[in-house]
Amino acid sequence: MSASDGASDDAVLYEVTATGVAIISFNRPERLNAWGPDIAAGFYAAVDRAEEDPAIRVIVLTGRGRGFCAGAYLGPPSSAATYDEKMEKAGQTDLADLVGERPPHFVTQLRKPVVAAINGACVGIGLTQALMCDVRFAASGAKFAAVFARRGLIAEFGISWILPRLTTWGVALDLLLSGRTFLAEEAAQLGLVKEVVAPQDVMRRALDYAEDIARNCSPASMAVIKQQVYGDAARDVADATSRAEVLLREAMPRPDVVEGITSFLEKRPPQFPALPSQPPVSSSPALTSTDA
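Structure report, in brief. (Residues numbered from 1 in each chain as written. Predicted model: local features only at pLDDT ≥ 70, side-chain atom pairs only at ≥ 80, totals over all residues. Heavy atoms only, no water.)

Pairing within the open sheet is mixed, and its four strands lie in the order β4-β6-β8-β9. Looking at strand neighbours, the two that pair on one side only are β4 (67-70) and β9 (181-183), the edges of this open sheet. Neighbour-to-neighbour, the strand axes of the sheet open up by a mean angle of 25 degrees, direction not taken into account. Where β4 lies against strand β6 (residues 121-123), three bridges are found, and the strand directions are parallel. Paired with alanine 70 across the bridge in β6 is valine 123. (Pairing = 2+ DSSP bridges. Helix = DSSP H or I, 4+ residues; strand = E, 2+ residues; numbered from the N terminus. Axes fitted to C-alpha atoms, helices over the stretch in contact; angles between N-to-C directions.)

So, in structure tokens, the structure goes:
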């Protein structure tokens, strides 16, 4: 694994493993990695770097310290007395100035899988960000909460779209309306995380998973599968099937298919080609084959 880029006070750290996994770490442990402009800017830059680099096949997202991301950074307790004025101004402000230029769902548009290693508190916009990752592992005892109703807010930044799709309509309403805190163990029961492991093992488990798919899965296949899964959420089954037939015809001539079958028959690890570099997702859509 390479060393983290930049000084230790960077809001977001970036590391790369020999197998082509980029590790992106929120690095504001003193505030449980609560979301702010510093984390937002560092996160976007790190994701763009991973997405553009042909050597990177999977992204792992985590937090340093005891928190994954404990919601939006509201400032120190001493700032409470001035919040009425701040909120009045916020209502007239571009949300990008408050939380960053991209909505959390932009990670669903990446070509590369994003695996979350939820090491601690995962609250508010931090929960939304985690749910927009493709696969989630959580540390036992980690606290989750969609606290919006308890802050006088609404279901922010696409969580009302992703939460019912990962669990059920009733569970989504329970979590959003109550804003209650629940632990990683319940999150797993509800289908929000894949596995719960001991806190000291969560990063290792997520990294093992990421490295396995980096070694054995076609980057081109994973890119199209992501596009299918998120895109098909807005389609009926007939449209999804028709589109899959088109995508399959386009996939057949690719070297990935020959390599996938040949390596299986020869009982050896596959050597799939990397994805080509492309512009950041902020200025370019996800990999498409048939969309205009």
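From this point, things continue past the structure.
Let us now look at the nonpolar core. Ile24, Phe26, Trp35, Phe43, Ile118, Phe144 and Ile159 are the most contacted members of the largest nonpolar core, which totals 50 residues. Aside from chain neighbours lying at most four places away, what touches phenylalanine 43 is Val12, Ile24, Phe26, Trp35, Leu61, Phe106, Val107 and Gln129. Counting 17 residues, the second-largest nonpolar core is a separate cluster that includes Ala139, Val197, Ile213 and Ala214. (Core = buried A, V, L, I, M, F, W, Y, C linked by side-chain atoms within 4.5 Å. Buried < 20%, exposed > 50% of the residue type's maximum accessible area, 1.4 Å probe, protein only. Contact = heavy atoms within 4.5 Å.)

A few words now on the pairing of strand β7 (residues 135-139). Burial analysis of β7 places five of its five residues in the buried class, the great majority of the element. Residue alternation in β7 divides its side chains into two sets, Val135, Phe137 and Ala139 and Arg136 and Ala138, and both sets are buried. In the sheet, strand β5 (residues 114-118) pairs with β7 via four bridges, with the strands oriented parallel. Across the sheet, residue alanine 116 finds its bridge partner in β7, namely arginine 136. By the bridge criterion, three bridges tie β7 to strand β10 (residues 195-197) in an arrangement that is parallel. Looking at β10, one finds that alanine 138 is bridged to valine 196.

This part takes up helix α8 (residues 202-216). Under the 1.5 Å per step criterion, the end-to-end length of α8 is 21 Å for 15 residues, consistent within 8% with the ideal 21 Å. Of all the positions in α8, only Val202, Ala206, Leu207, Ala210, Glu211, Ile213 and Ala214 are classed as buried. The buried residues of α8 all sit within an arc of 165 degrees when viewed along its axis, so they share a single face. Here the buried face of α8 lies against β2 (21-26), β3 (58-63), β5, β7, β10 and α9 (219-232). (Expected span 1.5 Å × (residues − 1). Arc of directions from axis to C-beta.)

Attention shifts here to the sheet that holds strand β1 (residues 12-16). Here six strands make up an open sheet; going across it, the order is β1-β2-β3-β5-β7-β10 and the pairing mixed. Each edge of the open sheet carries a strand with a single partner, namely β1 and β10. Direction aside, neighbouring strands of the sheet carry axes that sit 20 degrees apart on average. Here α8 sits on the sheet in contact with β2, β3, β5, β7 and β10, set at roughly 170 degrees to β3.

Turning our eyes to something else, we now look at unusual backbone geometry. A positive phi is found at leucine 32, a non-glycine position, where the angle reads about 55 degrees. Secondary-structure assignment places leucine 32 in the loop between β2 and α1 (37-52). Phi at asparagine 33 is positive, roughly 60 degrees, even though this residue is not glycine. With respect to the secondary-structure elements, asparagine 33 resides in the loop between β2 and α1. Assessed through its relative accessible area of 0%, asparagine 33 is described here as buried.

Remember that the coordinates give geometry; whether it matters functionally is a separate question.
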